[in-house]
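# Remarks on the overall topology
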Amino acid sequence: MSSTTSRPEAAKPPMREALVAAAFQLFLERGYEQTTVDDIVALAGVGRRSFFRYFPSKEDVVFPDHERCLADMTAFLAASEPDHEPVRRVCDAARLVMLMYAENPSFSVQRYRLTKRVPGLRAYELSVVWRYERALAAYLRDRFAGTPDGDLRADVIAAATVAAHNNALRSWLWSDGQGDAAEAVDHALGSVRTAFGAAPEPSADAPAGVRAGVAPGLPLVTALPDEDDVVVVVSRRGAPLWRVVQEIETTLARK
């Protein structure tokens, strides 16, 4: 085969991408509800069987990358080490979703506009978001197992992480993909870490008595040996209030 005949074949997009491109062209021209799977495969030049090999339904062609992203997130969390701070870890996992959207801003903005107009797609998107949230919560439940209100904390933090991420992401999409999506999402997720995560490590010039024996992000709580009614609390700036209270309760219970 000559190079002149092979060059056009090499330039063809993969079938999956061709189906997505054809679908969105028709959605924009005719509307989502008016476009059928037969219309999509006809424009893409393939058969119906090829469509359903890649997408279980017409809704799935609107969200072609979420299954891959969910698998990447699950694998990322599964590869976590015991010393990884759990709230930071789920925030890092949420950034994978932002990176997926930022890979193709124009497509992401198109999808955002389409989803806003079609109630069925909004419902589908909510189901996808719920799956992300459940993946984060499952990891946190495992990390918080055996701690007071571990499941509750896991669910609350997972929901907060998704809400913060989506708030920043939607603002970026609403602006037609202008600005730095990563910066916006990092700022939003920072609020989650401030509210629920470990405080930063103390600086090297912090008093030795404060640095010694304090686990990352945990307050140091101790009872004075000669004063039964006095408890001293040394807490890092920004430590979550619930952790301070938890340590006080634990110390009092040991007296």
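Structure: see above.
In what follows, the accompanying structure is described. Remember, it's a predicted structure, so these values are computed and weren't measured experimentally.

With that settled, consider the packing of aromatic side chains. How two aromatic rings sit relative to each other is set out by the distance from centre to centre and by the angle between their planes. This model, assessed by the stated rule, comprises seven aromatic pairs. Aromatic pair F51 and F55: ring centres 5.6 Å apart, planes at 50 degrees, arrangement tilted. The burial state of F51 is the same as that of F55; both residues are buried. For the pair Y54 and F55, a centre-to-centre distance of 6.4 Å together with 45 degrees between the ring planes defines the contact as tilted. Among the residues examined, F55 registers a relative accessible area of 1% and is labelled buried.

All right, on to the layout of surface pockets then. One number sums up the size of the second largest pocket: a volume of about 290 Å³. Taken together, 21 residues form the lining of the second largest pocket, with Y101, E125, V129, N166 and R170 sitting closest to its centre. Mapped by element, the contributors of at least two residues to the lining of the second largest pocket are helix 6 (66–78), helix 7 (86–103), helix 8 (105–117), helix 9 (119–143) and helix 10 (150–174). By residue number, the principal contributor to the lining of the second largest pocket is helix 10, which donates seven residues.

Position of T115 relative to the elements: it lies in helix 8. The residues touching T115, leaving out its near neighbours within four places in the chain, are F63, L121, R122 and E125.

Scoring rules and cut-offs
Here the residue numbering is sequential within each chain, running from 1 through the sequence in written order. This being a predicted model, a pLDDT of at least 70 is required before a residue's local features are given, and a value of 80 or more before pairs of side-chain atoms are given or counted; all residues contribute to the totals for chains, interfaces and linings. Note that the side-chain values use all heavy atoms of the structure and ignore hydrogens as well as water. Each Phe, Tyr or Trp ring, with Trp reduced to its six-membered ring, pairs with another whose centre is within 6.5 Å; inter-plane angles below 30 degrees give stacked pairs, above 60 give edge-to-face pairs, and intermediate values give tilted ones. Burial classes follow relative accessibility: with a 1.4 Å probe on protein chains only, a residue under 20% of its type's maximum area counts as buried, one over 50% as exposed, and anything between as partly exposed. Only protein atoms enter the 1 Å grid used here. Points where a 1.4 Å probe fits but cannot escape make up a cavity, open sets with protein on both sides within 12 Å along at least five of seven lines make up a pocket, and a residue lines them when an atom lies within 4 Å of a point. Grid points are joined across faces, edges and corners, and a volume is the space filled by probe spheres set on the points. By definition, any uninterrupted DSSP run of H or I lasting at least four residues is a helix, any uninterrupted run of E lasting at least two residues is a strand, and each is numbered from the N terminus. Two residues form a contact once any of their heavy atoms are found within 4.5 Å.

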